[in-house]
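# Secondary and tertiary structure notes
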Amino acid sequence: MATISAKSILVPKISSSSSNSNVSSIRSSSSFLPSFKPTISLKASYSKSRSFVIKNGLGTVETKGSSSGTNDVTKETKPTILVSEKLGEAGIKVLESFANVDCSYNLTPEELCKKISNVDALIVRSGTKVSRQVFEASKGRLKVVGRAGVGIDNVDLQAATEFGCLVVNAPTANTVAAAEHGIALLSSMARNVAQSDASMKAGKWERNKYVGVSLVGKTLAVMGFGKVGSEVARRAKGLGMHIIAHDPYAPADRARALGVELVSFEKAITTADFISLHMPLTPTTSKVFNDETFGKMKKGVRIINVARGGVIDEDALVRALDSGVVAQAALDVFTVEPPPQDSKLVQHANVTVTPHLGASTKEAQEGVAIEIAEAVVGALNGELSATAVNAPMVPAEVLSELAPYVVLAEKLGKLAVQLVAGGSGIKSVKVVYKSARDRDDLDTRLLRAMIIKGIFEPISSNFINLVNADYTAKEKGVRISEERIVVDSSPEFPVDTVQVRIANVESKFASAMSDNGEICIEGKVKGGVPHLTCVGSFSVDVSIEGSLILCKQVDQPGMIGRVGSILGQRNVNVSFMSVGRIGVRKQAIMAIGVDEEPDKDTLKQIGDVPAIEEFVFLDL
């Protein structure tokens, strides 16, 4: 029977800050960061010639001179940090203990560009646009941009990387505030607090109209069991609710400790009485709650969203509310913020809304201020930051040699994660490099980072790169191990093949499992282009471009033509096709590269071909 897996829907987690003893130790080096060494001005006087050394977070400066007895080191020995939007006082104090702090609010773009060449770090919220022009105007002095919050849409990450500027954010300080707001919306929605309040203020007394529902004994599905999701689960448990959660990366032991059952996406949405959303907005999660998803839910389900507005198709939610499939919704976030005044969703009688208040507590705002201040100070000290959202500059010669392998590594990571099935979560990933080079001649840190990026970034709000890849894996409780095998090939090329293995998981495509029970895929670079060369125990040879369809079939004449004909009739262009088999007329895997995503009917037609035993569609 064919297994149909259209564009995989995986709900990511916002990682728990708890440590995991199984995580491999990761060594950090400040050499991965840009060098923070602005000009330092010194005034010194001594009674005789002598030399002295001044050390601070930006570098070490040695001076020599003679003087008559006083030592006056000016303010310029400290870095300068510009704060362009209101920041909590606790954060300002952290900054002032390390740097000269310039709090200049409401700057025009022109004023910001004028100031920026005199500062080493910039801290913004969401109102300041840190554009390419800002980085150009900094003339190389700006080394860190700190975003006091999670989203970094207002910072040009590409320009930041090009100019060697690290960008950090503050993603954890508002965890409790967001969870508390989710519980507040859950409770107020269940008891019609907002509607009955408005009714009474309008002079009415409508006790019968606003009869609510009880929470005790009801099932709450937490979609995304990371920091906020797990805190919501903890609190809802105290209300007497039964908690289930969907998150392919949530550690099972942490869920068990909270009395939470990890389930599949399908089971979560079909069995829950209440659904609370805590996933980030990514291409995978965009409008994941749509007409089809709502159609699978229990009639009368209630939905809470304090995550991102775009994960819900708002027009579809209105239809679900009108039909009664969704009894009520409580929303703190919207696709467009602020939403239009005539929004049918906002105005709907069965919807409770708040203006993105998830992080809006005094305590959370102070926490964000401290978190971003510490991240900026740490970065200026040359420390690796777990909240870095862009990569540092990589030497041109290294990038030139590794460029095609970087693409290969990321795409192998993307392929591997889409083959994982079930809600048990990934615990470990092993990467095997085959190379003719000596260990000292092959630095795999960038390749490892790109594999981690491929695995986690499509289903995560994190921007993963060389700076934060290992931290991301550790934070998610996933152990990354590496093995290098010396092979007899040309040392001209840094890597012969790269293999990604994921153990202790189920697969959507059983043939991707190796003999030792791991999902196993392998690839190499051929002619500068990444190729998939092995799936499970089957050899294939297909360019990893566009998307892939993998079919396990009985090896017999006409299979390529039959599947190709189905795709051609549906106007799906085939870019590459390869068949790997274990023997003549036995089992084989056909790997098909396609330029467009086939619709469900096309996939079903492929699955209905009698000789095809299973298949999966993988989106790259």
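Residues numbered from 1 in each chain as written. Predicted model: local features only at pLDDT ≥ 70, side-chain atom pairs only at ≥ 80, totals over all residues. Heavy atoms only, no water.

Residues Leu-166 and Val-168 point to one face of strand β9 (residues 166-169) and Val-167 and Asn-169 to the other, with burial holding for every one of them. When strand β8 (residues 144-147) meets β9, the two strands line up parallel, connected through 4 bridges. Along β9, the bridge assignment pairs Val-144 with Leu-166. Of the crossover connections in this fold, the one passing from β8 over helix α4 (residues 157-162) to the parallel β9 is right-handed. (Buried < 20%, exposed > 50% of the residue type's maximum accessible area, 1.4 Å probe, protein only. Helix = DSSP H or I, 4+ residues; strand = E, 2+ residues; numbered from the N terminus. Pairing = 2+ DSSP bridges. Right-handed = clockwise from strand over helix to strand, strands pointing away.)

This brings us to unusual backbone geometry. For residues besides glycine, phi is generally negative; the peptide bonds are generally trans as well. For the peptide bond that leads from Glu-337 to Pro-338, omega is -5°, which places it in the cis range. Examined against the element boundaries, Pro-338 turns out to sit in the loop between β15 (326-331) and α12 (344-347). Of note in the backbone geometry, Asn-192 takes a positive phi value of approximately 55° without being a glycine. Despite not being glycine, Asn-504 shows a phi value in the positive range, around 60°. In this structure, Asn-504 sits in the loop between β20 (497-502) and β21 (506-507). Assessed through its relative accessible area of 64%, Asn-504 is described here as exposed.

To continue, consider the sheet that holds strand β18 (residues 428-435). Reading across the sheet, the 6 strands line up as β19-β18-β20-β22-β23-β24 and stay open at both edges, with mixed pairing between neighbours. Strands at the two margins of the open sheet, each flanked by one partner only, are β19 (479-486) and β24 (538-543). Across the sheet, the axes of successive neighbouring strands diverge by a mean angle of 20°, strand direction being ignored. In the sheet, β20 pairs with strand β22 (residues 519-526) via 5 bridges, with the strands oriented antiparallel. Each residue of the ladder has a partner; that of Ile-502, found in β22, is Ile-519. Helix-sheet contacts for helix α15 (residues 445-456) involve β18, β19 and β20, and the interaxial angle to β18 is about 140°. (Axes fitted to C-alpha atoms, helices over the stretch in contact; angles between N-to-C directions. Contact = heavy atoms within 4.5 Å.)

Further remarks concern the sheet that holds β9. Strand order across the open sheet formed by 5 strands is β6-β5-β7-β8-β9, with parallel pairing between neighbours. Looking at strand neighbours, the two that pair on one side only are β6 (100-103) and β9, the edges of this open sheet. Averaged over neighbouring strand pairs, the angle between their axes works out to 20° when direction is ignored. Sheet topology note: the strand β5 (residues 80-83)/strand β7 (residues 121-124) ladder contains 3 bridges and is parallel. Counterpart to Leu-82 in the pairing with β7 is Leu-122.

Right, let's get into the packing of helix α17 (residues 559-569) against helix α18 (residues 600-607). Where α17 meets α18, the closest approach of the two axes is 10 Å, and the angle between their N-to-C directions is 165°. With respect to their mutual orientation, α17 and α18 come out roughly antiparallel. In this structure, the crossing between α17 and α18 has a hand that is right-handed. From α17, Val-563, Ile-566 and Leu-567 reach across to α18, where they touch Thr-602, Gln-605 and Ile-606. (Parallel < 35°, antiparallel > 145°, perpendicular 65-115°, else oblique. Left-handed = near helix turned anticlockwise from the far one by under 90°.)

Here we take up the pairing of β22. Most of β22 is tucked away, with 6 of its 8 residues classed as buried. Hairpin connection of β22 to strand β23 (residues 529-535): 2 residues between the antiparallel strands, including Gly-527 at a positive phi of 60°.

Ranked by internal contacts, the top residues of the largest apolar core, which has 54 residues, are Ile-426, Val-429 and Leu-532. Looking at this core, the element that brings in the most residues is helix α14 (residues 396-418), giving 9 residues. Composition of this core by domain shows at least three residues from each of domain 3 (394-535) and domain 4 (537-619). Not counting residues within four places of it along the chain, the set of residues in contact with Leu-532 comprises Leu-412, Leu-415, Ile-521, Glu-522, Gly-523, Val-540, Asp-541, Val-542, Ile-544, Leu-548 and Leu-550. In terms of nonpolar packing, the next biggest core, distinct from the first, is built from 30 residues, Met-223, Ile-275, Met-297 and Ile-312 among them. (Core = buried A, V, L, I, M, F, W, Y, C linked by side-chain atoms within 4.5 Å. Domains from an automatic or database assignment.)

What follows is about the packing of aromatic side chains. With the rule as written, the count across this model stands at 3 aromatic pairs. Relative to Phe-163, the ring of Phe-135 has its centre 6.4 Å away and its plane inclined at 20°; by these criteria the two rings are stacked. With Phe-135 in helix α3 (residues 132-138) and Phe-163 in the loop between α4 and β9, the pair connects residues that are 28 residues apart, well separated along the chain. Exposure remark for Phe-163: the relative accessible area of 30% places this residue in the partly exposed category. Here Tyr-249 and Phe-456 contribute two aromatic rings whose centre-to-centre distance is 5.0 Å and whose plane-to-plane angle is 55°, an arrangement assigned as tilted. (Phe/Tyr/Trp six-rings, centres within 6.5 Å; stacked < 30°, edge-to-face > 60°.)

As for its position among the elements, Val-535 is in strand β23. Using a relative accessible area of 0% as the deciding quantity, one classes Val-535 as buried. In this structure the C-alpha to C-alpha distance between Val-535 and Ser-514, which are 21 residues apart in sequence, comes to 8.2 Å. For Val-535, the contacting residues outside a window of four places in its chain are Phe-509, Ser-511, Ala-512, Cys-520, Val-540, Leu-550 and Ile-589.

To continue, consider helix α1 (residues 89-96). In an α-helix, one full turn covers 3.6 residues, which means residues spaced three or four apart are oriented alike. Where α1 is concerned, the buried positions are Gly-91, Ile-92 and Leu-95. The arc that holds every buried residue of α1, seen down its axis, measures 100°, which confines them to one face. (Arc of directions from axis to C-beta.)

A full pass over the atoms with the stated rule returns 25 salt bridges. Lys-227 is the salt-bridge partner of Glu-475, the closest N and O atoms lying 2.9 Å from each other. Placement of the pair is Glu-475 in helix α16 (residues 469-475) and Lys-227 in helix α7 (residues 227-238), with a sequence separation of 248 residues. With relative accessibility at 9%, the residue Lys-227 sits in the buried group. For Glu-231, the salt bridge is made with Arg-234, and the minimal N-O distance between the two is 3.5 Å. Of this pair, Glu-231 and Arg-234 both sit in helix α7, 3 residues apart, which is roughly one turn of the helix. Judged by its relative accessible area of 17%, Glu-231 falls in the buried class. The partly exposed category is assigned to Arg-234, whose relative accessible area is 45%. One connected set of salt bridges, linked through shared partners, spans Glu-266, Glu-292, Lys-296 and Lys-600. (Salt bridge = Lys/Arg side-chain N within 4 Å of Asp/Glu carboxyl O.)

What follows covers the side chain of Lys-143. Mapping Lys-143 onto the fold places it in the loop between α3 and β8. Nearest to the buried, unbridged Lys-143 among oppositely charged side chains is Asp-120, at 7.9 Å. Polar side-chain contacts of Lys-143 include one of 3.0 Å to the backbone oxygen of Gly-140. (Lys, Arg positive; Asp, Glu negative; His and termini not counted. Polar contact = N/O pair within 3.5 Å; in protein donor to acceptor, adjacent residues only side chain to side chain.)

Looking at the element boundaries, Ala-173 is found in the loop between β9 and α5 (175-190). Each C-alpha atom of the pair Ala-173 and Gly-367 lies 5.1 Å from the other, and the pair is 194 residues apart in sequence. Not counting residues up to four positions away in its chain, the partners in contact with Ala-173 are Ala-364, Gly-367, Val-368 and Glu-371.

For the pair α5 and α7, the least separation of the axes is 8 Å and the interaxial angle reads 50°. It follows that α5 is oblique to α7 by the angle criterion. The two elements α5 and α7 meet at a crossing, and its hand is right-handed. Across from Thr-175, Val-176, Ala-178, Ala-179, Glu-180 and Ile-183 in α5, the residues of α7 making contact are Lys-227, Val-228, Glu-231, Val-232, Arg-235 and Ala-236. Tallied by class, residues from the contact of α5 with α7 come to 7 nonpolar, 1 polar and 4 charged. (Nonpolar A, V, L, I, M, F, W, Y, C, P; charged D, E, K, R; others polar.)

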